[in-house]
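Structural description and commentary
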There are 2 protein chains.
Amino acid sequence: MLKLHGFCVSNYYNMAKLVLLEKRVPFEEVEAVPDGSPAFLARSPRGKVPFLETDEGFLNETGAILEYLEQLYPEPALLPAEPFARARVRALMKAIELYVELSARLGYPEAFFGTPVAPPLRERCRDELLAGVDALARHAAFAPFVAGERFTLADVYFLYSFDLAKGVARALFDEDLSARLPGARALLQRLGENPNVQRIAADREAAMAAYLARKRAGR
Amino acid sequence: MLKLHGFCVSNYYNMAKLVLLEKRVPFEEVEAVPDGSPAFLARSPRGKVPFLETDEGFLNETGAILEYLEQLYPEPALLPAEPFARARVRALMKAIELYVELSARLGYPEAFFGTPVAPPLRERCRDELLAGVDALARHAAFAPFVAGERFTLADVYFLYSFDLAKGVARALFDEDLSARLPGARALLQRLGENPNVQRIAADREAAMAAYLARKRAGR
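Residues numbered from 1 in each chain as written. Chains lettered and ligands numbered in written order. Predicted model: local features only at pLDDT ≥ 70, side-chain atom pairs only at ≥ 80, totals over all residues. Heavy atoms only, no water.

**Structural notes on unusual backbone geometry**
- A cis amide bond links A:Ala143 to the next residue, A:Pro144, at an omega of -10 degrees.
- Of note, A:Pro144 is situated in the loop between helix H6 (119-139) and helix H7 (153-173).
- A positive phi angle is found at A:Asp174, which is not glycine, with a value near 50 degrees.
- Structurally, A:Asp174 can be placed in the loop between H7 and helix H8 (177-180).
- Classification of A:Asp174 by relative accessible area gives exposed; the value is 71%.
- A positive phi angle, near 50 degrees, is found at B:Phe142, a position not held by glycine.
- On the secondary structure map, B:Phe142 appears in the loop between helix H6 (119-139) and helix H7 (153-173).
- Residue B:Phe142 is classed as buried on the basis of its relative accessible area of 13%. (Helix = DSSP H or I, 4+ residues; strand = E, 2+ residues; numbered from the N terminus. Buried < 20%, exposed > 50% of the residue type's maximum accessible area, 1.4 Å probe, protein only.)

In structure tokens, the structure reads:
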């Protein structure tokens, strides 16, 4: 049986967990908190979560894990089969990751853990995040899903990246990212009605207090 | 016929160009320099290159373009067919992009264009880049290629990302990234013997002087 290693507060972990649940793949959750130890790095070379334990070994990087699950468990399809449509979904996944998620990450220490971010990093976070959201407004369909009529992996990225990015923009820059992205609010509400999304949110909520205490203690 | 838009100095442009050449796909090169104009953003939502013009419309994001070409033109294969091996290659592509390429980009203004980078960004560039290269040393095979015995998309990313990252590390931190990554030097030498790689390097060289003059003039 597949084992998903990580912890329920990690948004990347939750992306993989949602895909496993949507595809009704049997899997086991194994709590793994990055500690930089040689044992951890032997399973996850950059020391991150999630990683997936398979019969053939460990797989890293959320994007690669989601594509692996898509290839092995094609139903329900979370990528279109037709090449151009498939590439469009992948481009949206990439755009959300590079321009929304990674930009917002620069502001995490201040937004979520009370550690001020140096002004040049803060400024970069703001510029890149707002430009990324504006790019997504041009790029995404929100009709009603990110790439069009069907729920795809681009929605999985959006659900777990945009939410945190909104928190950063609100806390650091008093900016409302939903207001910049027509369709975002309605899509988040719709995705929130999915029972698997609700289960993941409940698991996250249950794990949050312990997580924040650990991070604020600098561990 | 496919049209690849961008310019010959862009390392992401050159990734797509190499894959087109390796697969012997007929294509046309169209020079496109990001200018932030509405016309440009209509074709490339985040204002970046490359983008690929197809009969069905424009495709963005290098990773999505490479996967699209792989699906449409499966020979020669640049991804393994078997799911686990395929996922490993994708994980390496991702690791090179997120931890090497994007970390190094923080240092580009100072390393290549003579614009000093603020200390907090410089420090982040150094910490992330060195950690990324150390992670790649654990993750990659270099046997002789990044993912093992065969040339894959991970080598395409490596070729065009590691070279620039080396330049950043040398210019900003006096660090020799090749020395941290056993196998890197031999692989770069081997890849440099590929006639398509040589053609791309010659095109890049021919375009470089004009590019640097433009960047240094702040355009």
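**Points about the sheet that holds strand E2 (residues 27-31) of chain A**
Residue and element names in this part refer to chain A.
- One open sheet holds the 4 strands; their spatial order is E2-E1-E3-E4, and the pairing between them is mixed. The open sheet has two edge strands, E2 and strand E4 (57-60), and neither has a second partner. Direction aside, neighbouring strands of the sheet carry axes that sit 25 degrees apart on average.
- In this sheet, E4 lies alongside strand E3 (residues 51-54) in antiparallel orientation, the contact comprising 4 bridges. Within the sheet, the bridge partner assigned to Thr-54 lies in E4 and is Gly-57. (Pairing = 2+ DSSP bridges. Axes fitted to C-alpha atoms, helices over the stretch in contact; angles between N-to-C directions.)

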